[in-house]
Every structure is written in C-alpha cells, then in structure tokens.
Amino acid sequence: MPVTVLIVDVRSERSAALEQALLSAGFEVALRVDEHEDLHALVEQHQPDAVIIDADLPSRDTLEHLGQLGRRYPKPMIMLASEDAPDLVREAAGAGVSAYVVDHVIPAMVRSMVEVAITSFEAHRALKGELNRTQTTLVQRRSVDRAKAVVMETRGLSEDAAYQYLRKTAMNRRLALHELADELLKAARRR
C-alpha cells in the first residue's frame, strides 16, 4: 500500500513540483491544501501517513497550529523552508516536526526524506509509549510499596509477609496487585 502524503502549501508553484516528485517516487498525494484551511478536519478525513508543510518562513502561528495538529493527530510532519534559522528549527521540532528541510527539494531525495521522517516519527512514538508504560509501572510499584507499609503497620507483619498478604488478597479478589493497593490506600486515607 503506498504511503499517503498531505501537502500544506504556501507557494503553490513550489508545491506543485513537490507533488510531482512525490508521485514519481511512488507516494500518493491525498490533497494539496492552503495553510489557512481546517487541517484538523482534512487530516481526520484523509488520514495521511505524513504531512509536508511547504513554507518559506513558517510563522509562529503556523508552528503553533502544527503543534496542535500533532497532538490531536500524531503524524510525521516535514517542514520545507527557505531559511535555516536555528531558533525556528528548534521551535519546529518542539511543534512535532520530524524533519526540517531548507532550500529546494531534489526529486531524487523525496523518497528518502519522507521515509526517514516516518521512521524517525515511529521511533519517537515508540519511545514515548515505552516511557509512558515505564512511568505507569513505577506509579503502580510505589502504590504497592505504600500499601505494603500500611499492611506492615496495621497488621504487624514483616515486609515479605505483608507482600504475600497483598498478593494472596489480590488473587482471591481477582484484582491486579496495584488495584488492590490503590483500594487499600484509599481506605487508609478515609480513616
């Protein structure tokens, strides 16, 4: 299945050449739109695999809009610009832009540019997912540790015995250990 790209253009003559280069490289162009159109609705409707923003000098409003778009519909975004301003590059990256390309795009480079941006985006998304899972696990472990301390104090058990008590109770109630710990901690707060 070909990769589908949405082009957001400011300069239609340049983006027409970009569209032709994408088509020649085997990509499907979902649509070419103006930066003032409702990008959220268009991305939701067309579900592109990547978004290319063709702007001479992206404004702060454009970057803010892209940041909102990226949070709502995470997609690899490639910014084509005519200026290499370090602050602008940092702002674009902060808005979720996966690649910032300055000057003209050579048709032969289009395929690798889009593929690298997609690969980079997917790797970044995987890392974010792993970070979220790790943070959730850490929160759950802290909850179990606090519940274990409550059980040790209220029942006069050793650390190992308190943990075994929590495990057995969780299994008997068909709860995950952290769910039981959360219940126990809520009950302890009410006292």
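Cut-offs used in this document
- Residues numbered from 1 in each chain as written.
- Predicted model: local features only at pLDDT ≥ 70, side-chain atom pairs only at ≥ 80, totals over all residues.
- Heavy atoms only, no water.
- Axes fitted to C-alpha atoms, helices over the stretch in contact; angles between N-to-C directions.
- Helix = DSSP H or I, 4+ residues; strand = E, 2+ residues; numbered from the N terminus.
- Parallel < 35°, antiparallel > 145°, perpendicular 65-115°, else oblique.
- Left-handed = near helix turned anticlockwise from the far one by under 90°.
- Contact = heavy atoms within 4.5 Å.
- Nonpolar A, V, L, I, M, F, W, Y, C, P; charged D, E, K, R; others polar.
- Core = buried A, V, L, I, M, F, W, Y, C linked by side-chain atoms within 4.5 Å.
- Buried < 20%, exposed > 50% of the residue type's maximum accessible area, 1.4 Å probe, protein only.
- Patch = residues over 30% accessible without salt bridge, like charges linked within 9 Å, V, L, I, M, F, W, Y side chains within 5 Å.
- Areas by Shrake-Rupley, 256 points an atom, 1.4 Å probe, with all protein chains shown as cover.
- Salt bridge = Lys/Arg side-chain N within 4 Å of Asp/Glu carboxyl O.
- Lys, Arg positive; Asp, Glu negative; His and termini not counted.
- Charge placed at Lys NZ, Arg CZ, Asp CG, Glu CD.

Per an unreviewed UniProt entry, the protein chain goes by ANTAR domain-containing protein and derives from Cobetia amphilecti.

Glancing now at the packing of helix 5 (residues 110-155) against helix 7 (residues 177-190). Running from amino to carboxyl end, helix 5 crosses helix 7 at an angle of 50°, the nearest separation of the two axes being 8 Å. In terms of their interaxial angle, helix 5 and helix 7 are classed as oblique. Both helix 5 and helix 7 take part in a crossing whose hand is left-handed. Packed against helix 5, whose contacting residues are Gln140, Ser143, Val144, Arg146, Ala147, Val150 and Val151, the element helix 7 presents Leu177, His178, Ala181, Asp182, Leu184, Leu185 and Ala188 at the interface. Looking at the contact of helix 5 with helix 7 residue by residue, the class counts come to 9 nonpolar, 3 polar and 2 charged.

Core analysis: the largest hydrophobic core is formed by 21 residues, its most contacted members being Val51, Ile53, Leu63, Leu66, Leu69 and Met79. When contributions to this core are tallied by element, the ones reaching two or more residues are strand 1 (4-9), helix 2 (39-46), strand 3 (50-54), helix 3 (60-72), strand 4 (77-81), helix 4 (86-94) and strand 5 (97-102). Ignoring anything within four residues of it in the chain, the contact list for Val51 reads Leu6, Val8, Val43, Lys75, Pro76, Met77 and Ile78. Counting residues in hydrophobic clusters, the runner-up holds 19 residues, among them Leu22, Val29, Ala50 and Ile52.

Our next topic: the packing of helix 5 against helix 6 (residues 159-172). One way to put it is that helix 5 packs onto helix 6 with a least axis distance of 9 Å and a crossing angle of 110°. By the angle between their axes, helix 5 is roughly perpendicular relative to helix 6. Remark: the crossing between helix 5 and helix 6 carries right-handed chirality. Of helix 6, the residues touching helix 5 (which contributes Val144, Ala147, Lys148, Val151, Met152 and Arg155) are Glu159, Ala162, Tyr163, Tyr165 and Leu166. Its residues placed into classes, the contact of helix 5 with helix 6 shows 8 nonpolar, no polar and 3 charged.

Moving on to a positive patch on the surface. Together, Arg142, Arg146, Lys186, Arg189 and Arg190 give the surface a local cluster of positive charge. In terms of residue count, the dominant contributor to the positive patch is helix 7 (3 residues). As for its placement among the helices and strands, Arg189 is situated in helix 7.

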